[in-house]
Amino acid sequence: MAVDPRFHGAPHPQDLAAVVAAAGGHVAAGTDTTRRFAGAAPLHSAGPDEVSFLDNRRYLPALRGSRAGAVILHPDLAAEVPPGSVAILAAQTYLGWCRVLRLFHPPPAPVASIHPTAAIAADASLGAGCEIGPYAVVESGAELGAGCVLGPHAVVGRGVVLGPGCRIGAHASISHAIAGREVVLHPGARVGQEGFGFAVTPTGGFETVPQLGRVLLGDHVEIGANSCVDRGSAQDTVLGPGTRLDNLVQIGHNVRTGRGCVLVAQVGISGSTLLGDFVTLGGQAGVVGHVSIGDGARISAQAGVSKDVPARQDWAGSPARPEREYKRTIVQLRRLGR
Amino acid sequence: MAVDPRFHGAPHPQDLAAVVAAAGGHVAAGTDTTRRFAGAAPLHSAGPDEVSFLDNRRYLPALRGSRAGAVILHPDLAAEVPPGSVAILAAQTYLGWCRVLRLFHPPPAPVASIHPTAAIAADASLGAGCEIGPYAVVESGAELGAGCVLGPHAVVGRGVVLGPGCRIGAHASISHAIAGREVVLHPGARVGQEGFGFAVTPTGGFETVPQLGRVLLGDHVEIGANSCVDRGSAQDTVLGPGTRLDNLVQIGHNVRTGRGCVLVAQVGISGSTLLGDFVTLGGQAGVVGHVSIGDGARISAQAGVSKDVPARQDWAGSPARPEREYKRTIVQLRRLGR
Amino acid sequence: MAVDPRFHGAPHPQDLAAVVAAAGGHVAAGTDTTRRFAGAAPLHSAGPDEVSFLDNRRYLPALRGSRAGAVILHPDLAAEVPPGSVAILAAQTYLGWCRVLRLFHPPPAPVASIHPTAAIAADASLGAGCEIGPYAVVESGAELGAGCVLGPHAVVGRGVVLGPGCRIGAHASISHAIAGREVVLHPGARVGQEGFGFAVTPTGGFETVPQLGRVLLGDHVEIGANSCVDRGSAQDTVLGPGTRLDNLVQIGHNVRTGRGCVLVAQVGISGSTLLGDFVTLGGQAGVVGHVSIGDGARISAQAGVSKDVPARQDWAGSPARPEREYKRTIVQLRRLGR
């Protein structure tokens, strides 16, 4: 694929053996696995020295017309590969494609360097090989593991601990937090600020309740651009390992998630709500406070969850209910509309 | 409560008399009010030298098992306090707890200091005791009252006036604005930028209408992380005293609110809409432009307000209507779903 | 109108001839077009040396009581203008008003200057007359056209190309992008960061798919405060000329819009969705991925678009459907609620 060299490094050429291994696939016996490939590309644009993939039958026409030198696809579709193209058979097709892309385009390694304008407290500690960008700020007592990357203007607050390989994007800020390894904050993400907690006086005034908790981010957590994760009030706000937040997501104080949760853009989770493992929420979904969403539950885009959701159920709508019920309601509403 | 000393100062020990006074409560005659307490904690973890509280019957089991040395609770529940624990009777229980927490954990006072990297215009004026962080920017003609705190990278624009004790968080920006005392912008908040106003040409081009107003923030207004408040076009955008915005909230140009409004995360108020006093909007609610929401009205999470809401009414749904009607509709929709 | 001189320059006086020309209107024969006007103001506050406008019959009472020296309005309403006030007849009334306001209040021209604290890479290139603010960062290989303005802390990433007259607001960041002329990023906007793309391993882990595309911003595109536009994964994310995003909007990777689209605050467009020309989406609307919205379609506030929308249709609701159908449904739901 023609990546723009202004922004992306050129692909690293690979031989077929490495591509097949990365894809977790196999090729027909007798295939020349020393054959070199220059890069990866979509079916419609790939050339004979490029690898492509198909993971959806909708693109079979594109496959038939493709000039790709090799195509990663499911064994069931092996017969669809045009002659002259090597079929790389991989049951986990999309994962295989992802790993082949990463082979050709490995993420850039940190360049060990501290920009002269970075303001790093004397008692902060930086592991080996950190890359600290211009105007980044690292406050007193903060500890960065090896190979962390701070973008321009990133702010790591007092006492914050980042595990090895964390990446804090431009303009992101993190305070009152402990992060595991390879945690990523995309530009403008906000972690650790005071949550929305206050008491009301008899005359309608508000007094802030001290927010004395922290944010704990498990290994490999990723937080999208301009997303917000508030620290806990009396306990901690916790995102379990591997959990990913898209952009403009809100996590209220004291929320806890298990591992591998996925929160698409503009989702909002109110305070003290608990998510199990592998919970997914579609874009703009909202969840009230103090409820539980069980392991593997899937919440639709724009849903409004107002009570507990059992594990492995799919809920939709506002107020959210089991998807089957929601769909029947929609069918009835369509009738009303005619 | 075990606060993490990486991030939070240790609690300041207090004698019972001070705790009772802060809580606005009273204890049984003859109680030794010189008794010392080390801190405050939730019921399940508090020790004999800690104060706790109960403000919801749901936690009575936790109360019965608690080792807390003193518990703040409503006079009606006085009999539930375990023997050995001092009952601090306070009708406004949560407010009392808030004030006791603040007694043990007072918010840190500004440290009068101007970081050498702060870029402060020669004709800006700073009151006594301001704390200005690294890479903060204060533009020409800006005026900061006594004891203001600017976090790293905060930007206070040309001519902006901040009353005493304002706090502008990391990466927040404020322009075209006049703020009262103790106004707080959390990290990444955006105040005073150009609103979304343009005219359309016959060929479909857009021309920006000059936005010549300001933002006026009353005393004690708080604006959450990454929230946005646009300046007015011909008049001002106004947030009344004590009004609080959670994170990722949008306030369009020319909106005006009364005092003590509460806008939970991801709420959006379109331009020229008016909120009275003490209006509350649940998470992700939206309001069209040019309508009025009366004093004390309460709008549900995810509601879509498309017309005026009378004072002290509770509305829900999208399009929003009175909550009673909304609930009947939901009941009917559930029937349709079965 | 009394603009606050703390924040806005005083209006530039104009003679009537210039005002009429800007308004694209005409006045009665014999009118003295050398008459001077000091500024522009709303009907209720304008004085005899100010110009005003009316573009909605709702304000006729204000017109009748107005002391404005001249009023821009539609020819059909010419008779409504009070005696002593000059009627400036313009069919495109609001556009005329916009242009007259811009005549009195021209946007400030860039002040060619580079703040000494700006961190500009040696191989970045800046066109003539750029205004670069404190702590702005311009990375290696970036190219800024003539007259670009970077606010405090703005970040222009490696290789980014900005056409002439672009304005990057305080704390905004742009990477992996090519922008045309007069593109505006409001404070805190985020353009070019990695999109939300990952493959799932059999054990529930996530691996990021390299996001190898860019963001292309057409001439005159404007992106609101704290809005996010992710770069493409294999192709580009594209906003067509003149398209405007309000605040807190999310654009997922690989989205493409035509010209002149309008996305009101807190809208979210999922990845790979296509918008034609002049598509408008009301506040908080959401669109799933991989669908198409045709030219001139209008999507209501809070709508949830889950399939293709034909050109020039108005859709509303969640799931969204044609507005007529939606309104009938709402009528039926109201009956259910009673």
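Just so it is clear, the structure is predicted and the values come from calculations on it, not from any experiment. (Residues numbered from 1 in each chain as written. Chains lettered and ligands numbered in written order. Predicted model: local features only at pLDDT ≥ 70, side-chain atom pairs only at ≥ 80, totals over all residues. Heavy atoms only, no water.)

**Details of the overall build of chain A**
No. 1: When helices and strands are counted, chain A shows four helices and 39 strands.
No. 2: The principal-axis extents of the C-alpha atoms in chain A amount to approximately 80 × 65 × 30 Å.
No. 3: For chain A, the residues scored as buried account for 60% of the 338 residues in total.
No. 4: Of the roughly 12,500 Å² of accessible surface on chain A, 55% is carried by carbon and sulfur atoms.
No. 5: Of the side-chain charges in chain A, 28 are positive and 26 negative, and the distance between the mean point of each set is 9 Å. (Helix = DSSP H or I, 4+ residues; strand = E, 2+ residues; numbered from the N terminus. Buried < 20%, exposed > 50% of the residue type's maximum accessible area, 1.4 Å probe, protein only. Areas by Shrake-Rupley, 256 points an atom, 1.4 Å probe, with all protein chains shown as cover. Lys, Arg positive; Asp, Glu negative; His and termini not counted. Charge placed at Lys NZ, Arg CZ, Asp CG, Glu CD.)

**Quick look at the relation of the copies chain B and chain C**
No. 1: Least-squares fitting of chain B to chain C yields an RMSD of 0.0 Å, with the superposition described by an axial translation of 0.0 Å and a rotation of 120°. Such a turn and shift between the copies fits a three-fold axis.
No. 2: Looking at the interface residues of chain B, only 17% of them are also at the interface in chain C, so each copy uses its own face. (Least-squares fit on C-alpha atoms with pLDDT ≥ 70 in both. Contact = heavy atoms within 4.5 Å.)

**A closer look at the UniProt feature "active site" (unreviewed entry) in chain A**
Residue and element names in this part refer to chain A.
No. 1: The feature "active site" (unreviewed entry), as annotated in UniProt, sits at H253 in this numbering.
No. 2: Topologically, H253 is positioned in the loop between β28 (250-251) and β29 (256-257).
No. 3: In contact with H253, other than residues within four places in its own chain, are G195, F196, G197, Q211, D230, R231, G232, S233, T237, G271 and S272. (UniProt positions renumbered as here; feature names shortened; annotations may be inferred.)

**As for the packing of helix α4 (residues 323-336) of chain A against helix α4 (residues 323-336) of chain B**
No. 1: Interaxial distance between α4 of chain A and α4 of chain B falls to 8 Å at its minimum, and their mutual angle equals 105°. With respect to their mutual orientation, α4 of chain A and α4 of chain B come out roughly perpendicular. Between α4 of chain A and α4 of chain B, the residues in contact are E325, R328, T329, Q332, L333 and L336 of chain A and L333, R334 and L336 of chain B, respectively.
No. 2: Partitioning the contact of α4 of chain A with α4 of chain B into residue classes produces four nonpolar, two polar and three charged. (Axes fitted to C-alpha atoms, helices over the stretch in contact; angles between N-to-C directions. Parallel < 35°, antiparallel > 145°, perpendicular 65-115°, else oblique. Nonpolar A, V, L, I, M, F, W, Y, C, P; charged D, E, K, R; others polar.)

**Details of the interface of chain B and chain C**
No. 1: Opposite the 71 residues of chain B that make contact, chain C presents 50 residues.
No. 2: Contact between chain B and chain C buries roughly 4,700 Å² in total, counting both sides, with carbon and sulfur atoms accounting for 59%.
No. 3: When the buried area of chain B at its contact with chain C is split by residue, F196, F206 and L212 of chain B rank highest and sum to 16% of it.
No. 4: Seen at the junction of chain B and chain C, the total is four salt bridges.
No. 5: Among the salt bridges present, the one from E325 of chain B reaches R334 of chain C, with a minimum N-O distance of 3.4 Å.
No. 6: Where chain B packs against chain C, one counts 27 residue pairs in polar contact (both at pLDDT 80 or more).
No. 7: The element best represented in the side of chain B that touches chain C is α4 of chain B, accounting for six residues. (Buried area = accessible area lost by both parts, 1.4 Å probe. Salt bridge = Lys/Arg side-chain N within 4 Å of Asp/Glu carboxyl O. Polar contact = N/O pair within 3.5 Å; in protein donor to acceptor, adjacent residues only side chain to side chain.)

**As for the interface of chain A and chain C**
No. 1: Taken together, the contact between chain A and chain C spans 51 residues of the former and 71 residues of the latter.
No. 2: With both chains or domains summed, chain A and chain C bury close to 4,700 Å², and 58% of this area falls on carbon and sulfur atoms.
No. 3: Looking at the side of chain A facing chain C, the largest losses of area belong to R6, F7 and R244 of chain A, adding up to 15% of the total buried there.
No. 4: Linking chain A with chain C are four salt bridges.
No. 5: Summed over the shared surface of chain A and chain C, the result is 28 residue pairs in polar contact (both at pLDDT 80 or more).
No. 6: For the side of chain A that touches chain C, the elements supplying multiple residues, two or more each, are α3 (93-104), β27 (244-245), β30 (262-263) and α4 of chain A.
No. 7: For the side of chain A that touches chain C, the element with the highest residue contribution is α3 of chain A, accounting for six residues.
No. 8: Here the residues of the side of chain A that touches chain C sort into 25 nonpolar, 15 polar and 11 charged.

**Brief notes about the sheet that holds strand β14 (residues 155-156) of chain B**
All names here are of chain B.
No. 1: Spatially, β8-β11-β14-β17-β20-β25-β28-β31-β34-β37 is the arrangement adopted by the 10 strands of the open sheet, whose pairing is parallel. Strands with a single pairing partner mark the edges of an open sheet, and in this sheet they are β8 (119-120) and β37 (304-305).
No. 2: Across two bridges, the pairing between strand β31 (residues 268-269) and strand β34 (residues 286-287) is parallel. Across the sheet, residue I269 finds its bridge partner in β34, namely V287. (Pairing = 2+ DSSP bridges.)

**A word on the packing of aromatic side chains**
No. 1: Applying the stated criterion across every chain yields a total of 15 aromatic pairs over all chains.
No. 2: A centroid spacing of 4.8 Å and a plane angle of 70° characterise the contact between Y135 of chain B and Y135 of chain C, whose relative ring orientation is edge-to-face. Separated into two different chains, Y135 of chain B in the loop between β10 (131-132) and β11 (137-138) and Y135 of chain C in the loop between β10 (131-132) and β11 (137-138) make up a pair that spans both.
No. 3: The exposure class assigned to Y135 of chain B is buried, which follows from its relative accessible area of 5%.
No. 4: Ring centres of F198 of chain B and F206 of chain B lie 4.7 Å apart, and the angle between their planes is 50°; on these two criteria the pair is classed as tilted.
No. 5: Taking the relative accessible area as the measure of exposure, F198 of chain B reaches 15% and is therefore buried.
No. 6: Among the aromatic side chains, those forming a connected cluster through ring pairs are F53, Y94 and W97 of chain A. (Phe/Tyr/Trp six-rings, centres within 6.5 Å; stacked < 30°, edge-to-face > 60°.)

**Observations concerning the confidence of the model for chain A**
No. 1: Here chain A averages 97 in pLDDT, while 100% of its residues score no lower than 70.
No. 2: Both scores are given for the predicted complex: the pTM is 0.98, the ipTM 0.97. (pLDDT = per-residue confidence, 0-100.)

**Remarks on the sheet that holds strand β39 (residues 321-322) of chain C**
All names here are of chain C.
No. 1: As summarised here, the arrangement of the 12 strands in space is β7-β10-β13-β16-β19-β24-β27-β30-β33-β36-β38-β39, forming an open sheet in which the pairing is mixed. At either margin of the open sheet sits one strand with a lone partner, and together these are β7 (113-114) and β39.
No. 2: In the sheet, strand β33 (residues 280-281) pairs with strand β36 (residues 298-299) via two bridges, with the strands oriented parallel. From the neighbouring strand, L281 faces β36, where its bridge partner is I299.

**Let's talk about the environment of G252 of chain C**
Residue and element names in this part refer to chain C.
No. 1: Along the polypeptide, G252 turns up in the loop between β28 (250-251) and β29 (256-257).
No. 2: On the basis of relative accessibility, which here comes to 6%, the residue G252 falls in the buried class.
No. 3: Sequence spacing of G252 and G289 is 37 residues, and the spatial spacing of their C-alpha atoms is 8.5 Å.
No. 4: Those residues in contact with G252 that sit more than four places away from it in its chain are D230, T237, I269 and G271.

**Brief notes about the side chain of S173 of chain C**
No. 1: Inspection of the secondary structure puts S173 of chain C in strand β17 (residues 173-174).
No. 2: The buried category is assigned to S173 of chain C, whose relative accessible area is 6%.
No. 3: For S173 of chain C, the contacting residues outside a window of four places in its chain are H171 and P187 of chain A together with V155, L185, A189, R190 and V191 of chain C.

**Here's the deal with the pattern of salt bridges**
No. 1: In total, this model carries 27 salt bridges over all chains according to the counting rule given.
No. 2: Of the charged contacts in the structure, one is a salt bridge between R64 of chain A and E80 of chain A, with a shortest N-O distance of 3.1 Å. Residue R64 of chain A is located in helix α2 (residues 60-64), and its partner E80 of chain A is located in the loop between β5 (70-73) and β6 (86-89); the two are separated by 16 residues in the primary sequence.
No. 3: A single network of salt bridges, built from pairs that share partners, joins D4 of chain A together with R214 and D236 of chain C.

**A short note on the pairing of strand β5 (residues 70-73) of chain C**
Residues and elements named next belong to chain C.
No. 1: Because side chains alternate across β5, one face comprises the buried residues A70 and I72, and the other comprises V71 and L73, equally buried.
No. 2: Across three bridges, strand β4 (residues 50-53) lies against β5 in parallel orientation. Bridged to F53 within β5 is I72.
No. 3: By the bridge criterion, four bridges tie β5 to strand β6 (residues 86-89) in an arrangement that is parallel. In the sheet register, L73 faces β6, and the bridge partner there is L89.

**Examining the pairing of strand β4 (residues 50-53) of chain B**
All names here are of chain B.
No. 1: Neither face of β4 is left uncovered, since the one carrying E50 and S52 and the one carrying V51 and F53 both have all their residues buried.
No. 2: For strand β3 (residues 39-40) and β4, the ladder comprises two bridges, and the chain directions are parallel. Counted as the bridge partner of G39 is E50 from β4.

**Let's talk about unusual backbone geometry**
No. 1: For the bond running from S318 of chain A to P319 of chain A, omega is 0°, close enough to zero to count as cis.
No. 2: Here P319 of chain A lies in the loop between β38 (314-316) and β39 (321-322).
No. 3: At N226 of chain B, a residue that is not glycine, the phi angle is positive and equals roughly 60°.
No. 4: With respect to the helices, strands and loops of the structure, N226 of chain B is situated in the loop between β24 (222-223) and β25 (228-229).
No. 5: Positive phi outside glycine occurs at R312 of chain B, with the angle close to 60°.
No. 6: Considering the arrangement of structural elements, one finds R312 of chain B in the loop between β37 and β38 (314-316).

**Section: the packing of helix α1 (residues 16-23) of chain A against α3 of chain A**
Residue and element names in this part refer to chain A.
No. 1: At a minimum axis distance of 7 Å, the contact between α1 and α3 shows a crossing angle of 135°. Relative to α3, the element α1 lies oblique. Here the hand of the crossing between α1 and α3 comes out right-handed. On α3, the residues that touch A18, V19, A22 and A23 of α1 are G96, R99, V100, L103 and F104.
No. 2: Taken together, the residues that form the contact of α1 with α3 break down as seven nonpolar, one polar and one charged. (Left-handed = near helix turned anticlockwise from the far one by under 90°.)

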